[in-house]
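Chain by chain, the residues:
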Amino acid sequence: MKKRVIAIVVILCCVLLGIGIFFIVNKNKGEDEKYTLYIKQQSFAGSTTKEEWDAQEKSNREKEVEKHEVTKGKKINFKGMVNELEIEVKECSKDEIKIWTNIGMSIEENGVMDLVKTRSEFIVKKGEKIRLITPTMDAYDMYEIEYR
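Residues numbered from 1 in each chain as written. Predicted model: local features only at pLDDT ≥ 70, side-chain atom pairs only at ≥ 80, totals over all residues. Heavy atoms only, no water.

Engineer: Lay out the pattern of salt bridges with the relevant residues and their values.
Structural biologist: For the structure shown, the criterion picks out ten salt bridges. In this structure, the salt-bridge partner of K67 is E69, at a minimum N-O distance of 3.9 Å. Look at E69 and you get partly exposed, because its relative accessible area is 35%. A salt bridge links E91 to K98, with the nearest nitrogen and oxygen atoms 3.8 Å apart. Take K98: its relative accessible area is 28%, and that puts it in the partly exposed class. One salt-bridge network, held together by shared partners, links E108, K129, R131 and E144. (Salt bridge = Lys/Arg side-chain N within 4 Å of Asp/Glu carboxyl O. Buried < 20%, exposed > 50% of the residue type's maximum accessible area, 1.4 Å probe, protein only.)

Okay, here's the thing in C-alpha cells:
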C-alpha cells in the first residue's frame, strides 16, 4: 500500500513539474515576435482649383509606404493635416493584427467611406489592406494599412 501511495505521489509530482516547465517555456510566446505593417499616409486639403487638387494628388502619389516592425503594445504616431494620429497594436498573430487609434476613424468598406460612423478598433488581416480616413469633409488624412 505504501509503495502504491509513493508511486502516485511521484507521478503527480512529475505531472505538476511537467506542467510548470511547459508554462515557463511558453510564457510570452508570440508576444516578442515581430510583425510587419506597411502604412501610407495621404493628406488632402479642400481645394478650389483643379491645379491645387492635381498638385495634392501628385504629392500623395510620391509619398513612400512606411514599414513598421510591430509587437503587442507598439505605438506609431503620425502628424496629419487634420489630426495627430496614434496607432497602437493591441494583438498580433500570424493571421491578423488588431489595432487601436486615438481618434475615431472611418473605414473604407466596399469602396465606400462612411464619414458618420467612426470607430477606434480595427483588424488588419494578413495579405489585406484597410483604409482609414479622418471623418471630415473639407480636409482629411487617409491611412492605408497593410499586413504582409
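Engineer: Describe the nonpolar core, naming the residues involved and giving the relevant values.
Structural biologist: Nonpolar side chains tend to gather and get buried jointly when the protein is soluble and globular. Core analysis: the largest hydrophobic core is formed by 21 residues, its most contacted members being L37, I97, I99, I130, L132 and I145. Every element with two or more residues in this core is listed here: β1 (35–44), β3 (75–79), β4 (84–92), β5 (96–109), β7 (119–125), β8 (129–133) and β9 (140–147). If you tally residues by element for this core, the top one is β5, at five residues. Not counting chain neighbours up to four residues away, the residues in contact with L37 comprise E66, K67, H68, V70, I97, I99, V124, I145, E146 and Y147. (Core = buried A, V, L, I, M, F, W, Y, C linked by side-chain atoms within 4.5 Å. Helix = DSSP H or I, 4+ residues; strand = E, 2+ residues; numbered from the N terminus. Contact = heavy atoms within 4.5 Å.)

Engineer: I'd like a rundown of the pairing of β4, residues and numbers included.
Structural biologist: Moving residue by residue along a regular strand, the side chains alternate between the two faces of the sheet. Inspection of the sheet shows β3 paired to β4 by five bridges, in the antiparallel sense. Each bridged residue has a counterpart across the sheet, and for K75 the counterpart in β4 is E88. Remark: four residues form the turn of the hairpin made by β3 and β4, two consecutive strands paired antiparallel. Taken together, β4 and the strand that follows it, β5, pair antiparallel across an intervening segment of three residues. (Pairing = 2+ DSSP bridges.)

Engineer: Outline the packing of aromatic side chains, listing residues and values.
Structural biologist: Across all of its chains, the model carries three aromatic pairs by this definition. Here the aromatic rings of F78 and Y143 are separated by 5.3 Å at their centres, their planes lie at 55°, and the arrangement is tilted. Of this pair, F78 sits in strand β3 while Y143 sits in strand β9, and the two are 65 residues apart along the sequence. Here the two residues F78 and Y143 agree in accessibility, since each one is buried. One cation-aromatic arrangement involves K90 over W100; the distance from NZ or CZ to the ring centre is 5.7 Å. Across the ring face of Y147, the terminal group of K126 is positioned such that the distance to the ring centre comes to 4.8 Å. (Phe/Tyr/Trp six-rings, centres within 6.5 Å; stacked < 30°, edge-to-face > 60°. Lys NZ or Arg CZ within 6 Å of the ring centre and 35° of its normal.)

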